[in-house]
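The chain contents come next:
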Amino acid sequence: MNKKNNLILKMLKKSLIASCQPPSKGPLDSPSIILGLARSSLIGGAKALRIEGFKNLKKIRKNVKVPIIGIKKRISKKYPIIITPLLSDIEKLAFLGADIIAFDSTDRNRPYSIKKMISKIHSYNKIAMADCSNIRDATIAIDNGANIISTTLSGYTKGKNPPKNPDFKLLKSLIQKFNVPIIAEGRINTPDYFKKAIDMAALISLGWWA
């Protein structure tokens, strides 16, 4: 990993990442509004942003200097993978200035292998963030070179309503097992949950819409 990426990972230790992703086609789904949310998050203490969509990323990247996690969501009848499913998505996110590219790294039917996804991210000298649902997902991602593991998809892969509380059991297991940054994402929606995750030495991704 290059010096810039190492500095980004070091800076994000025990930090808050603001996930600024309003519902698609909702009243706040506008690059300018998302920029306002991003700036408000940074004023409030966030150290990085998670931004969905090419237009939004382009707008945010032009106006902020902090690290950005870029993703592209797609709905497909053929595959259950929604978060950054395509190699072409990675190419566009990299071109638009994402420092970290996150993708669905669950062990499910997918258009491209996890190995190909991570290799593509690294080909642009970007940090590969694996959004996982369990230890098996994370192990596969790490074995293929992922730089960050996230609990993003815990509770969202079995076709049931997700649980109300964060998956601290998975978070603890990931922190104990892997020597890479671990991001707690998903249902971190109270100050107590935030503090608990920080005390566990995790990075925190907190959505406006949690």
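Structure first, text after, so check above.
It should be emphasised that the depicted structure is a prediction, and the values quoted were computed from it without experimental measurement.

Draft legend 1. The packing of aromatic side chains, seen in detail. Applying the stated criterion to the full structure yields one aromatic pair. Ring geometry for F168 and Y193: centres 5.9 Å apart, planes at 55°, overall tilted. In this pair, F168 is assigned in helix α7 (residues 168-177) and Y193 in helix α8 (residues 191-199), connecting sequence segments 25 residues apart. One Lys or Arg, K72, reaches over the ring of F54 and ends 5.0 Å from the middle of that ring. We note K196 situated over the ring of F168; from NZ or CZ to the ring centre the distance is 4.4 Å.

Draft legend 2. Region of the structure containing the pattern of salt bridges. Per the counting criterion, the structure on display carries eight salt bridges. Between D99 and R61 there is a salt bridge, with the nearest N and O atoms lying 2.8 Å from each other. Placement of D99 in the loop between α4 (87-95) and β4 (100-104) and of R61 in helix α3 (residues 54-63) is noted, with a sequence separation of 38 residues between them. Relative accessible area serves as the criterion here: at 8%, D99 is assigned to the buried category. Where R74 meets D89, a salt bridge forms, and the shortest distance between an N and an O atom there is 2.8 Å. You can see R74 sitting in the loop between β3 (68-71) and α4 and its partner D89 sitting in helix α4, a full 15 residues away along the chain. Under the relative-accessibility criterion, D89 is labelled buried at 1%. Where salt bridges share partners, they join K4, R61 and D99 into one cluster.

Draft legend 3. Looking closely at α4. Inspection of α4 places L87, D89, I90, L93 and A94 among the buried residues, and these make up the whole buried set. Along the long axis of α4, the arc covered by the buried residues comes to 155°, so they all point the same way. Buried residues along α4 sit in contact with α3, β3, β4 and α5 (114-123). G97 occupies a position one or two residues after α4 and carries a positive phi of about 105°.

Parameters at a glance
Residues numbered from 1 in each chain as written. Predicted model: local features only at pLDDT ≥ 70, side-chain atom pairs only at ≥ 80, totals over all residues. Heavy atoms only, no water. Phe/Tyr/Trp six-rings, centres within 6.5 Å; stacked < 30°, edge-to-face > 60°. Helix = DSSP H or I, 4+ residues; strand = E, 2+ residues; numbered from the N terminus. Lys NZ or Arg CZ within 6 Å of the ring centre and 35° of its normal. Salt bridge = Lys/Arg side-chain N within 4 Å of Asp/Glu carboxyl O. Buried < 20%, exposed > 50% of the residue type's maximum accessible area, 1.4 Å probe, protein only. Arc of directions from axis to C-beta. Contact = heavy atoms within 4.5 Å.

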